[in-house]
Amino acid sequence: MGDGKSMERERSTFQMTGIPVSPGVVLGPVMLFGDILDEVETLSIQPSQIDFEVKRFSDAVTLVKQELARDAERISGELGPSEADIFLVHSMILEDPKLVQTIEGRIRDELINAEAVVSSEMKRVSAVLRGSDDSYLRDRAYDVTDIGKRVIERMLGVWAHCPLTHPVIIVTRELRASDTVSMDRGRVLGFVTELGGRQAHAAILARSLGVPAVVGAHGIVDRIRSGDTLVVDGTTGEVLVNPSDELVRGFKQKQEQEALDWAELSPYLDATTQSADGTRIQLMANISTANESKEASALSADGVGLFRTEMPFIAAGLFLAEEEQYAIYRAAVEGMGGLPLTIRTLDIGGDKFVGRENPLLEHNPHLGYRSIRVSLDRPDTFIEQLRAILRAGADGDVRILLPMVSGVGELRAARELLEKAKRSLAADGVPFDADMKVGVMIEIPSAVMVADRLAAECDFLSIGTNDLVQYALAVDRGNTYVDHLYRPYDPAVLALIERTVAAGREAGKPVSVCGEMAGATEYIPLLLGLGVRELSVAMSRVLFARRAIAMTDIGEAETLASRAVAAVTASEVAELIGINQS
Ligand code: PEP
Ligand code: MG
């Protein structure tokens, strides 16, 4: 970004292979998206702009202080006042008159933009603290940079420092769900990260947006710079940096092939979803914004099997009130044109956070304060969401889906709050769907083991393979270093799916699969062979899935699935279904 020093360096040409997480090939300029403190541009301002810059800074500080107060109140209520100390420390940093005066003074004296001053001042203070003999002060160095980043993000918006004029390929150490959720598709051609795994939510969002992406490209951040040219192949994991003309020609051929592949899918655009032998399969779509519901109907999907409602919360950076939620769910219902819409209650925690990343600093957030546990722990927030969903149900076929249920106790507790929400709506005289169907996500092995009992007390089950694989195999779904061990085709995982399907069948309750496995064409015959008749897939996978289903004969799939479940190792299954093991 106009960095004179970097212009002198030779542009190096090299190639590396990471983990492909979102298919498609793309060529474009790099935007290195690193530590926001190092990234902000230093811009000269006119004396007439001083007041404006100072106000931008003070507005951002006010906003961050409000957020901190809200976080402190929430955490204090949930975990006790001492756990909220960190927010008070952050607030105190921002209330330090000396720091504020220094920043404002430097904007005036040096005539540079506010974020550049915040960045340099926070780095300076942090360096002083890091050098201190006092361990308490040394620990505060991190808080100072953290709060500096937060203020800058409020001034810029996370993506605001991407150029508006031309789209770029983002290269960064790690993308969080919150970064991806606010990603502007028009400005981002693709992304490459050093960390992350196939099923991290950032990767899932990239797939649903159709943005090619590669993770696990170790060391790339130090080897490239903004403005380099990159080819990213999200199908193979290849990343070419400043490629030769010949490699660019190869890239163009791949792109042409891709266009042909898409053209081949057009017959599946408005076809009924059925297997080669004519078995009707319900093919639904996964969405994370209300707008996408229209796309689901345009692709002739049978409905939405999973609306990840945490995404609008993450995009807004705060917990949305009932009315705001109702407006979103209502808009989604409208886009469905009468087709079923499955709204999942909040699934935050793990790798999805509203506001601050990992606010409780948990060591194992996927095993921690996440999902239905948060909802049950915050009944008022949960009831607000339940009321909004129930109200949206007055205008269409809406279902509720409860995430990360580990056993019947949680289902019962959630249902009690649902009844409470219904009673309050009835008392308020607000229309709602009193008979709304309630489903349970099966994504924890314990839920599989009691799937019969869960099925007896709910209306449908939905298998979340993204988490089920992670919890069954003890492999973090977002960790590059164990990504090769993340194997949905492991016979243990297949047995869990088989058991869940059997439980649903015996109870007469439908069972769908809404994890990413459902949209991966190599696994579709296995799932159909295991008895699954309902799949909910990322929007960009709907046509691929419909074609894969049309090419599958259920009888053959059943033989394949029984051999796979009986296999001794995951490698045997890989061979059976003809995939290369990563
Ligand atoms: C899953 O775990 O498979 C799932 C669909 O939920 P999420 O990916 O949002 O955790
Ligand atoms: Mg899940």
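Before any of the text, the structure's been laid out above.
What counts and how
Residues numbered from 1 in each chain as written. Chains lettered and ligands numbered in written order. Predicted model: local features only at pLDDT ≥ 70, side-chain atom pairs only at ≥ 80, totals over all residues. Heavy atoms only, no water. Helix = DSSP H or I, 4+ residues; strand = E, 2+ residues; numbered from the N terminus. Rg over C-alpha atoms; globule rule 2.2 N^0.38 Å. Buried < 20%, exposed > 50% of the residue type's maximum accessible area, 1.4 Å probe, protein only. Contact = heavy atoms within 4.5 Å. Areas by Shrake-Rupley, 256 points an atom, 1.4 Å probe, with all protein chains shown as cover. Lys, Arg positive; Asp, Glu negative; His and termini not counted. Charge placed at Lys NZ, Arg CZ, Asp CG, Glu CD. Pairing = 2+ DSSP bridges. Axes fitted to C-alpha atoms, helices over the stretch in contact; angles between N-to-C directions. Left-handed = near helix turned anticlockwise from the far one by under 90°. Nonpolar A, V, L, I, M, F, W, Y, C, P; charged D, E, K, R; others polar. Near = heavy atom within 4 Å. Polar contact = N/O pair within 3.5 Å; in protein donor to acceptor, adjacent residues only side chain to side chain. Core = buried A, V, L, I, M, F, W, Y, C linked by side-chain atoms within 4.5 Å. Right-handed = clockwise from strand over helix to strand, strands pointing away. Disulfide = S-S within 2.5 Å. Salt bridge = Lys/Arg side-chain N within 4 Å of Asp/Glu carboxyl O. Donors = N, O, S within 2.8 Å, 3.2 Å for Na, K, Ca; no water. Parallel < 35°, antiparallel > 145°, perpendicular 65-115°, else oblique.

Trainee: I'd like a description of the overall build of the chain, backed by residues and values.
Mentor: Within the chain, the secondary structure is distributed over 25 helices and 16 strands. Radius of gyration (C-alpha) of the chain: 25 Å, near the 25 Å computed for a compact globule of 582 residues. Expressed as lengths along the three principal axes of its C-alpha atoms, the size of the chain is roughly 75 × 70 × 45 Å. When burial is assessed residue by residue, the chain has 55% of its 582 residues classed as buried. Residue pairs in contact within the chain that sit at least 24 positions apart in sequence constitute 71% of those at least 6 positions apart. Total accessible area computed for the chain in this model is approximately 24400 Å², and 52% of it derives from carbon and sulfur atoms. Averaging the coordinates of the 60 positive side-chain charges in the chain and doing the same for the 86 negative ones gives two points 0 Å apart.

Trainee: Give me the lowdown on the sheet that holds strand 5 (residues 188-193), citing residues and values where you can.
Mentor: With respect to topology, 8 strands assemble into an open sheet ordered 1-8-7-3-4-5-6-2, the strand pairing being mixed. Edge positions in the sheet fall to strand 1 (14-17) and strand 2 (19-22), since each has one partner strand and no second. Pairs of neighbouring strands in the sheet enclose a mean axial angle of 30°, with direction left out of account. Relative to strand 5, strand 4 (residues 168-172) runs parallel, the two being bridged by 5 bridges. Counted as the bridge partner of Val171 is Val192 from strand 5. Against the sheet, helix 9 (residues 201-209) engages strand 2, strand 5 and strand 6 (213-215), with an angle of about 55° to strand 2. Across the sheet, helix 11 (residues 245-264) is in contact with strand 1, strand 3 (25-32), strand 7 (229-233) and strand 8 (238-241); its angle to strand 3 comes to roughly 120°.

Trainee: A description of the packing of helix 14 (residues 322-336) against helix 16 (residues 379-392) should follow, citing residues and the corresponding values.
Mentor: Two elements in contact, helix 14 and helix 16, have axes whose closest approach is 8 Å; the angle formed by their N-to-C orientations is 35°. Helix 14 and helix 16 meet at a crossing whose hand is right-handed. Together, Glu322, Glu323, Gln325, Tyr326, Tyr329, Arg330 and Val333 of helix 14 and Glu384, Gln385, Arg387, Ala388, Ile389, Arg391 and Ala392 of helix 16 make up the contact between the two elements. Of the residues that constitute the contact of helix 14 with helix 16, the class distribution is 6 nonpolar, 2 polar and 6 charged.

Trainee: So, the site of ligand 1: which residues are in play, and what are the values?
Mentor: Neighbouring residues of ligand 1: 17 residues in total, closest His201, Arg308, Arg344, Asn466 and Arg477. Between ligand 1 and the protein, one listed contact pairs an oxygen atom with a side-chain N or O atom of Arg344 at 2.8 Å. Look at ligand 1: alone it shows 280 Å² of surface, and the protein chains cover 100% of it. In terms of residue count, the dominant contributor to the shell around ligand 1 is helix 20 (residues 465-473) (3 residues). When its residues are assigned to classes, the shell around ligand 1 shows 4 nonpolar, 5 polar and 8 charged.

Trainee: So, the nonpolar core: which residues are in play, and what are the values?
Mentor: Ranked by internal contacts, the top residues of the largest apolar core, which has 104 residues, are Leu341, Leu402, Leu454, Leu461, Ile497 and Leu535. Among residues more than four places away in sequence, those in contact with Leu402 are Thr345, Ile372, Phe382, Leu411, Ala414, Val438, Gly439, Val440 and Met441.

Trainee: Which residues make up the pairing of strand 11 (residues 341-344), and what are the values?
Mentor: The alternating pattern of strand 11 places Leu341 and Ile343 and Thr342 and Arg344 on opposite faces, both of which are buried. In this structure, strand 10 (residues 304-308) lies alongside strand 11, joined through 3 bridges in parallel fashion. Bridging across to strand 11, Val304 finds its partner in Leu341.

Trainee: Go over the pairing of strand 13 (residues 437-442) with me, naming the residues and quoting the values.
Mentor: In terms of burial, strand 13 is a largely internal element, 5 of the 6 residues being buried. This β-α-β element, strand 12 (residues 398-402) to helix 17 (residues 408-428) to strand 13, shows right-handed connectivity. Relative to strand 14 (residues 460-463), strand 13 runs parallel, the two sharing 4 bridges. Considered in strand 14, the bridge of Gly439 is made with Phe460.

Trainee: So what's going on with the state of the cysteines? Residues and values would help.
Mentor: Overall, the coordinates contain 0 disulfides when judged by the stated rule. Between Cys458, a free cysteine, and Cys514, which holds the nearest cysteine sulfur, the sulfur-to-sulfur gap is 13 Å. Judged by its relative accessible area of 2%, Cys458 falls in the buried class.

Trainee: Residue-level account of the pattern of salt bridges, with values.
Mentor: In this structure the tally under the stated criterion is 31 salt bridges. With its nearest N and O atoms 2.8 Å apart, the salt bridge here joins Arg106 to Glu110. Placement of both Arg106 and Glu110 in helix 5 (residues 97-110) is noted, with a separation of 4 residues, approximately one turn of the helix. Look at Arg106 and you get buried, because its relative accessible area is 19%. Ionic contacts of the salt-bridge type, sharing partners, join the residues Glu310, Arg344, Asp347, Lys352, Arg370, Asp467 and Arg477 into one network.

Trainee: I'd like a rundown of the coordination of the magnesium ion (ligand 2), residues and numbers included.
Mentor: The protein atoms that coordinate the magnesium ion (ligand 2) are Glu443 (OE) and Asp467 (OD), at distances spanning 2.0 to 2.1 Å. Residue Glu443 is found in the loop between strand 13 and helix 18 (445-449), and its partner Asp467 is found in helix 20; the two are separated by 24 residues along the sequence. Of the two residues, Glu443 and Asp467, neither departs from the other in class, the shared state being buried.

Trainee: Tell me what's going on with the side chain of Arg387, and back it up with residues and numbers.
Mentor: Examined against the element boundaries, Arg387 turns out to sit in helix 16. Setting aside residues no more than four positions away along its own chain, Arg387 makes contact with Glu322, Ala421, Ser424, Leu425 and Asp428.

Trainee: Tell me about the side chain of Ser293, residues and numbers included.
Mentor: You can see Ser293 is positioned in helix 12 (residues 292-298). On the accessibility criterion, Ser293 (0% relative accessible area) is buried. In this structure the side chain of Ser293 is engaged in a polar contact, spanning 2.9 Å, whose partner is the backbone oxygen of Ala332. Ignoring any residue separated from it by four or fewer positions in sequence, one finds Ser293 in contact with Ile287, Ala331, Ala332, Gly335 and Met336.

Trainee: Run through the packing of helix 6 (residues 114-130) against helix 7 (residues 135-156), naming residues and quoting values.
Mentor: The interhelical angle for the contact between helix 6 and helix 7, taken along N-to-C directions, is 170°, at an axis separation of 8 Å. Comparing the axis directions of helix 6 and helix 7 gives the class roughly antiparallel. Where helix 6 abuts helix 7, its residues Ala114, Glu115, Val118, Ser119, Met122, Val125, Ser126, Leu129 and Arg130 lie against Leu137, Arg138, Arg140, Ala141, Val144, Thr145, Ile147, Gly148, Val151, Ile152, Met155 and Leu156.

Remember, this is a structural readout, not a statement about activity or role.
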